[in-house]
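Residue-level listing of the chains:
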Amino acid sequence: MKKFVALMSVWLLVIPAYGVPDIYGRMVFFANYSSTSSVPSPSETPARIIVSGRTATAVDIKIVNVGQNIPLTYAGSRINNTPGFEFYVSEHYALKSSMGEEFSKEKLMLAELAYHQTAAMLGAEPPDPAVRMYVIYAQNGEQLREAMISDVGSAPGGFLGGFTLWGNMSSYNLWSRGQPLRIKNVIAITGTM
């Protein structure tokens, strides 16, 4: 197990420089993908959090609605606009959401509050602080399907709450009462597993 984790860690550290195969076997090069200039960088959207044991306290978490401007994420070029969705960014995450501003900002705030404990639990953080982790949240199955098709060109059927796609290092989530945001999967696939 230790060899696998070490090998996975080394492999994930070279992704930004050399690329990774997507779900169709094509190489995605993150270094060649540039974010829109109107999207603030992660350093411009800081998440100041005090962590004490199992408690995380928000001091200041800046979350920005960037509309249809596509942020730089580990999904590389496998991220696109979808009608009815807007992008929101915080320091570590980019959220494509059809759930409205209040819901979207709340989910990003919770994700940022959980970030440090999740990274500590997994033993590492994603390799590039200038690149955000990509999470998608949809109101219903049809919207989630449309978001997946616009990003990766296809959508499997039969999902109940969503799933994580390793091909574009993203977590697709369908809103449902009591369904937690699967941030741990996004962190795990972007370099901390």
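Residues numbered from 1 in each chain as written. Predicted model: local features only at pLDDT ≥ 70, side-chain atom pairs only at ≥ 80, totals over all residues. Heavy atoms only, no water.

## As for the pairing of strand β7 (residues 93-97)
Thinking step 1. The element β7 is largely enclosed, with a buried count of 5 among its 5 residues.
Thinking step 2. Side chains Y93, L95 and S97 project from β7 onto one buried face, and the interleaved A94 and K96 project onto a second face that is buried too.
Thinking step 3. Between strand β6 (residues 86-89) and β7, which pair antiparallel and follow one another directly, the connecting turn spans 3 residues.
Thinking step 4. Of the strand pairs in this sheet, β7 and strand β8 (residues 133-138) are connected by 5 bridges, and their pairing is parallel. Bridged to A94 within β8 is Y134.
Thinking step 5. Since β7 and β8 lie parallel, the crossover through helix α2 (residues 101-122) that links them has a hand, and here it is left-handed. (Buried < 20%, exposed > 50% of the residue type's maximum accessible area, 1.4 Å probe, protein only. Helix = DSSP H or I, 4+ residues; strand = E, 2+ residues; numbered from the N terminus. Pairing = 2+ DSSP bridges. Right-handed = clockwise from strand over helix to strand, strands pointing away.)

## With respect to the side chain of R78
Thinking step 1. Along the chain, R78 turns up in the loop between β5 (64-67) and β6.
Thinking step 2. From its side chain, R78 meets the backbone oxygen of V152 in a polar contact 2.8 Å long. (Polar contact = N/O pair within 3.5 Å; in protein donor to acceptor, adjacent residues only side chain to side chain.)

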